[in-house]
Amino acid sequence: MPRVAIAMLGLISLALLSGCATSKDELMPTNGMTMEELWEQGSTTGGYSHRTGSPGQRAVDDARGVLRRPIGDGEMRAEQTRYTRDAANEIYNQFSRLPNPDLVMFVYPHLAGGESVPVPGYSTVFPLYNKPQYAMPGEGARPAGRTR
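Figured I'd write up the structure that's included with this text. Keep in mind it's a predicted model, so treat the numbers as computed, not measured.

### Quick look at the overall build of the protein
Piece 1. Across its full length, the protein carries six helices and four strands.
Piece 2. Going residue by residue from the N terminus, the α and β elements of the protein occur as α-α-α-α-α-α-β-β-β-β.
Piece 3. A burial count over the protein gives 3% of its 148 residues as buried.
Piece 4. A total of about 13200 Å² of accessible surface is found on the protein, and carbon and sulfur atoms cover 62% of it.

Below you can see the structure in the form of structure tokens.
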């Protein structure tokens, strides 16, 4: 009985090792094309052949082709600078200020001091928090246009 088990174990291990004997090119043929050539082919044809497909699909593809336009250097720089990371952008995006609403307080007319000097009523404004509060990265951000 042990010989049969050893023989079966040997056959199973040979079967498993034979799976590693295949080559990458045999499993995933490249047809001799480089990655750059594949990319260029996909970008010019939209990833599929225009000859195949229904006339409606070809009309949609033609309409998309008309709408596509090259991006100029100025537009490309504008897009890149909008997404460029700098210190201020990182600080404001990661640690945004939480809203600090202004509170309005009305002080009623009263008498002040030892001589009972009359003080007229007035309103004053002060922030809810005495110092700015910041959100942790990923927490809620302040509303647009608010600085406090």
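### What about unusual backbone geometry?
Trans peptide bonds make up most of the peptide bonds, and negative phi angles are found at most residues other than glycine.
Piece 1. The backbone of serine 116 sits at a positive phi, close to 55°, despite the residue not being glycine.
Piece 2. Following the sequence through the fold, serine 116 ends up in the loop between β2 (110–112) and β3 (117–119).
Piece 3. Residue classification places serine 116 among the partly exposed residues on the basis of a relative accessible area of 40%.

### Notes on the side chain of asparagine 100
Piece 1. With respect to the helices, strands and loops of the structure, asparagine 100 is situated in the loop between α6 (87–94) and β1 (102–107).
Piece 2. Among the polar contacts made by the side chain of asparagine 100, one reaches the main-chain amide nitrogen of leucine 128 at a distance of 3.2 Å.
Piece 3. Polar contacts involving the side chain of asparagine 100 include one to the main-chain amide nitrogen of tyrosine 129, which spans 2.9 Å.

### Things to note about a nonpolar patch on the surface
Piece 1. Residues Leu103, Met105, Phe126, Leu128 and Tyr129 make up a contiguous nonpolar surface patch of about 410 Å² in total accessible area.
Piece 2. With respect to the helices and strands, phenylalanine 126 occurs in strand β4 (residues 122–127).
Piece 3. With a relative accessible area of 34%, phenylalanine 126 lands in the partly exposed category.

### Points about the packing of aromatic side chains
Piece 1. Tallying each qualifying case throughout the model produces one aromatic pair.
Piece 2. Look at phenylalanine 106 and tyrosine 108: their rings are 5.0 Å apart centre to centre, the planes differ by 90°, and that puts the pair in the edge-to-face class.
Piece 3. Residue classification places phenylalanine 106 among the partly exposed positions, given a relative accessible area of 45%.

Conventions adopted
- Residues numbered from 1 in each chain as written.
- Predicted model: local features only at pLDDT ≥ 70, side-chain atom pairs only at ≥ 80, totals over all residues.
- Heavy atoms only, no water.
- Helix = DSSP H or I, 4+ residues; strand = E, 2+ residues; numbered from the N terminus.
- Buried < 20%, exposed > 50% of the residue type's maximum accessible area, 1.4 Å probe, protein only.
- Areas by Shrake-Rupley, 256 points an atom, 1.4 Å probe, with all protein chains shown as cover.
- Polar contact = N/O pair within 3.5 Å; in protein donor to acceptor, adjacent residues only side chain to side chain.
- Patch = residues over 30% accessible without salt bridge, like charges linked within 9 Å, V, L, I, M, F, W, Y side chains within 5 Å.
- Salt bridge = Lys/Arg side-chain N within 4 Å of Asp/Glu carboxyl O.
- Phe/Tyr/Trp six-rings, centres within 6.5 Å; stacked < 30°, edge-to-face > 60°.

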